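Here's the letter readout for the chains.
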Amino acid sequence: MDRARISGLLIFIGVSEFLLLMLISEVLYPGYSVHTNYISDLGVGPTALIFNSSIVVMGVMLIIASILLARLSKYLMVTLLLTGIGAAGVGIFNEHLHPYHLIFALMAFLFSSISSYTAYPLSKAPGRYLWVVLGTMGLIALALFIMGVYLGLGPGGMERMIVYPNMIWALGFSGELMRG
């Protein structure tokens, strides 16, 4: 298996395991609301071990994947590396550890969206266009989130509008990489 395929596999496993364990954490956390609670609320309390370990694993897999992609695209390597560092940092520094948690969360949010643009040259149509649309959705949601504009979704819902489009493009792009 070549570096690109291994990278795709790592991205797919990392993002999938985090998504599934995040959803499990939401169900297990008493009184948790996707409308009012931040995603990082799952990193403290009864689901802390599940959430924090899963986001650190995703971050490490993204870091390794980025290194494997270095020969194909320096830009994607850098943005994916920063995404992975941000994700791992979110799990290492829970939301009570200011300002570190906020810095790593912003890094993960911002660079996961930007990575959709740096993935564009390695992608084929129609995916290459969809990844950019999804990354742009993440950037717009991030800007609205920072401004406190939640569009009726609440802070938790708007935060998911940053995260979910980025997970979707990453899963689709990882499929392209695995295909070769």
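Numbering of residues starts from 1 in each chain and follows the order in which that chain's sequence is written. Selection of residues for local features in this predicted model requires a pLDDT of at least 70, selection of side-chain atom pairs for listing and counting requires 80 or more, and totals for whole chains, interfaces and linings are taken over all residues. As a rule here, side-chain values cover all heavy atoms of the structure and leave hydrogens and water aside.

Draft legend 1. Summary view of the packing of aromatic side chains. Any Phe, Tyr or Trp ring, taking Trp's six-membered ring, that has another such ring centre within 6.5 Å forms a pair; planes under 30 degrees apart are called stacked, those over 60 apart edge-to-face, and the others tilted. With the rule as written, the count across this model stands at eight aromatic pairs. On the numbers, 6.0 Å between centres and 70 degrees between planes, the contact of Tyr 120 with Tyr 129 is edge-to-face. An aromatic cluster of three or more residues is present, and its members are Tyr 38, Phe 145 and Tyr 150. Positioned above the aromatic ring of Tyr 120 is the side chain of Arg 128, whose terminal nitrogen or guanidinium carbon lies 4.1 Å from the ring centre. Note on geometry: a ring has a charge over it if NZ (lysine) or CZ (arginine) is within 6 Å of the ring centre and within 35 degrees of the ring normal.

Draft legend 2. Representation of the layout of surface pockets. Definitions used throughout: a 1 Å grid over protein atoms alone; a cavity as a set of points that fits a 1.4 Å probe which cannot get out; a pocket as an open set with protein on both sides within 12 Å along at least five of seven lines; a lining residue as one with an atom within 4 Å of a point. Grid points are joined across faces, edges and corners, and a volume is the space filled by probe spheres set on the points. Reported here for the largest pocket is a volume of approximately 280 Å³. What lines the largest pocket is a set of 13 residues, among which His 101, Leu 102, Ala 105, Phe 145 and Glu 159 lie closest to the centre. In this description a helix means any DSSP run of H or I spanning at least four residues, a strand means any run of E spanning at least two, and both kinds are numbered starting from the N terminus. For the lining of the largest pocket, the secondary structure elements donating two or more residues are helix H4 (100–118) and helix H5 (127–147). The dominant element in the lining of the largest pocket, judged by the number of residues it contributes, is H4, at five residues. Amino acids outside the nonpolar list (Ala, Val, Leu, Ile, Met, Phe, Trp, Tyr, Cys, Pro) and the charged list (Asp, Glu, Lys, Arg) are all regarded as polar, and Gly is one of them. For the lining of the largest pocket, the per-class residue count stands at eight nonpolar, three polar and two charged.

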